[in-house]
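Report on the structure
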Amino acid sequence: MVAAFALVGLIDPHQPGRYPVCPTLSLLGFYCPMCGGLRAANDLTQGDVAGAASSNALFVLLLPVAIVAWILWVRDRARGSMREMISPTTRQVWAGAVVLLVFMVLRNQPFGAFLAP
């Protein structure tokens, strides 16, 4: 993850042509839940949290959760535990899918344009 952030920090996705266009946006014409994620990651490497949130607010909100989950997993592995990193329940998977769907729908509506990258 650190290497990926370093790469995105060095190669600015704000410049057109540096990375491929989102397939959902190019094929279907709307923003997927992760559209703007590379720009958000780049902004975070530059210390620009507001810019990152304007690119993809959901990414910015979920990144600390992913980092904490990873830290807890590393801690457990260091202690000898072999449990899985994340074991979501069916309810949690459905809740996550609903959050992604709602975020996607909102960012593609005129009233939710502030969520678009």
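As shown above, the structure is provided for reference.
Residues numbered from 1 in each chain as written. Predicted model: local features only at pLDDT ≥ 70, side-chain atom pairs only at ≥ 80, totals over all residues. Heavy atoms only, no water.

**Remarks on the side chain of Asp43**
Following the sequence through the fold, Asp43 ends up in helix H3 (residues 37-45). Despite its burial, Asp43 pairs with no opposite charge, the nearest such side chain being Arg39 at 7.0 Å. For Asp43, the contacting residues outside a window of four places in its chain are His14, Asp48, Gly51, Ala52 and Ser55. (Helix = DSSP H or I, 4+ residues; strand = E, 2+ residues; numbered from the N terminus. Buried < 20%, exposed > 50% of the residue type's maximum accessible area, 1.4 Å probe, protein only. Lys, Arg positive; Asp, Glu negative; His and termini not counted. Salt bridge = Lys/Arg side-chain N within 4 Å of Asp/Glu carboxyl O. Contact = heavy atoms within 4.5 Å.)

**Remarks on the nonpolar core**
Grouped together as the largest cluster of nonpolar side chains are eight residues: Phe5, Val8, Ala40, Ala41, Ala52, Phe59, Val60 and Leu63. Going through the elements one at a time, helix H1 (2-10), H3 and helix H5 (57-78) are the ones with two or more residues in this core. Beyond its immediate chain neighbours, meaning those up to four positions away, Ala52 contacts Ala40, Asp43, Leu44, Ala57 and Val60. (Core = buried A, V, L, I, M, F, W, Y, C linked by side-chain atoms within 4.5 Å.)

**Observations regarding a nonpolar patch on the surface**
A contiguous nonpolar patch, built from Met1, Ile67, Trp70, Ile71, Val74, Met85 and Ile86 and spanning about 650 Å² of accessible area, is present on the exposed surface. Within the secondary structure, Ile86 is located in the loop between H5 and helix H6 (90-107). (Patch = residues over 30% accessible without salt bridge, like charges linked within 9 Å, V, L, I, M, F, W, Y side chains within 5 Å. Areas by Shrake-Rupley, 256 points an atom, 1.4 Å probe, with all protein chains shown as cover.)

**Remarks on the packing of aromatic side chains**
Enumeration according to the criterion identifies one aromatic pair in this entry. For the ring pair Phe5 and Phe59, a centre distance of 6.4 Å and an interplane angle of 25° mean the geometry is stacked. Of the two residues, Phe5 is situated in helix H1 and Phe59 in helix H5; the sequence distance between them amounts to 54 residues. (Phe/Tyr/Trp six-rings, centres within 6.5 Å; stacked < 30°, edge-to-face > 60°.)

**Re the pattern of salt bridges**
Within this structure, the stated rule accounts for one salt bridge. Asp76 serves as the salt-bridge partner of Arg75, at 3.0 Å between the closest nitrogen and oxygen.

**Some details on the state of the cysteines**
Tallied over the entire structure, the rule returns zero disulfides. Left unpaired, Cys22 is separated from the closest cysteine sulfur, that of Cys35, by 3.3 Å. Residue classification places Cys22 among the buried residues on the basis of a relative accessible area of 19%. Judged by relative accessible area, which is 5%, Cys35 ranks as buried. (Disulfide = S-S within 2.5 Å.)

**With respect to H5**
The periodicity of an α-helix, 3.6 residues per turn, causes residues three or four positions apart to be oriented the same way. Between its terminal C-alpha atoms H5 stretches 33 Å, which fits the 32 Å expected from 22 residues at 1.5 Å a residue. Its axis deflected by about 25° at Leu63, H5 carries its strongest bend there, up to four residues before the proline Pro64. Every buried residue of H5 is accounted for by Leu58, Phe59, Val60, Leu63, Ala69 and Asp76. Looking at the buried residues of H5, the elements they touch are H1, H3, helix H4 (49-55) and H6. Near the N-terminus of H5, the side chain that reaches the backbone nitrogen of Leu58, with its oxygen 3.2 Å away, is that of Asn56. Following H5 by one or two positions, Gly80 adopts a phi angle in the positive range, close to 95°. (Expected span 1.5 Å × (residues − 1). Bend = angle between axes of the 7 residues up to and from the residue. Polar contact = N/O pair within 3.5 Å; in protein donor to acceptor, adjacent residues only side chain to side chain.)

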